[in-house]
Amino acid sequence: MGLVGVGGCATLDPAVPFRLPDNDWSVGLVGGVAWDERESLLDGGPLAGVEVGWLDDVFGVHGGLRVQGEGRTARVTATAEVTAWYLLLFGLGVRTGFAPPESERDLSSAAPESARGREVPRWATDLTLLVALPIPLWKDCVGRTGALVLAPYARPGIRITGGDPDPDDLRGFHEIGVMLRWSSFAF
């Protein structure tokens, strides 16, 4: 009985049926609502911000600044995210930010943390996931130098720091909204 070996070579090539970004950039606005898992979406606070990104092939790197309502105060956050795009946009990221006290009285050590509202930590860092659906609203068909894209999104997150009473307490902090971006990539 003889053994016959046949050599083989396989590659994984997810053929994309359209153009891909090549060292392109994006800049845009984001708006939505953010909420803690302990409350309903309807109790969440408004969210607004700006984002910039670099896009190459199916991958992207994005950063942004935003303000989101939380309790009776507003949190200023910075975000960083890596994304992959194949019809839907998927991302992993981190957001971190500070919720300023409502008044100078809150700066004293005697002021309870709840003075900013329902257990709102002064500092918070969240790990996030992103799922978005980019919808081109307008593109430069002649010069192919850019496109305006609307992307409804969901960004579930897990708050990992923030001075919770129980340091082992991990809880969800989520957002949904829309992104409006101008991209140098014209689909």
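Note that the coordinates shown come from a computational prediction; the quantities given were computed from them, not determined experimentally.

1. A closer look at the pattern of salt bridges
Next up, step 1: Here the structure, examined in full by the defined rule, presents 10 salt bridges.
Next up, step 2: Taking the shortest distance from any N to any O, the salt bridge between D126 and R95 comes out at 2.8 Å. Residue D126 is found in strand β6 (residues 123-132), and its partner R95 is found in strand β5 (residues 88-98); the two are separated by 31 residues along the sequence. R95 matches D126 in its accessibility class, with the two residues each being buried.
Next up, step 3: A salt bridge links E175 to R155; the shortest N-O distance between them is 2.9 Å.

2. Digging into the confidence of the model for the chain
Next up, step 1: On average, residues of the chain carry a pLDDT of 81, and 74% of them reach 70 or more.
Next up, step 2: When the criterion is pLDDT under 50, residues 103-117 qualifies, and its contacts beyond four places in sequence or with other chains add up to 25 contacts.

3. Regarding the side chain of E70
Next up, step 1: Secondary-structure assignment places E70 in strand β3 (residues 59-70).
Next up, step 2: There is a polar contact of 2.8 Å between the side chain of E70 and the side chain of R159.

Reading guide: rules and limits
- Residues numbered from 1 in each chain as written.
- Predicted model: local features only at pLDDT ≥ 70, side-chain atom pairs only at ≥ 80, totals over all residues.
- Heavy atoms only, no water.
- Salt bridge = Lys/Arg side-chain N within 4 Å of Asp/Glu carboxyl O.
- Helix = DSSP H or I, 4+ residues; strand = E, 2+ residues; numbered from the N terminus.
- Buried < 20%, exposed > 50% of the residue type's maximum accessible area, 1.4 Å probe, protein only.
- pLDDT = per-residue confidence, 0-100.
- Contact = heavy atoms within 4.5 Å.
- Polar contact = N/O pair within 3.5 Å; in protein donor to acceptor, adjacent residues only side chain to side chain.

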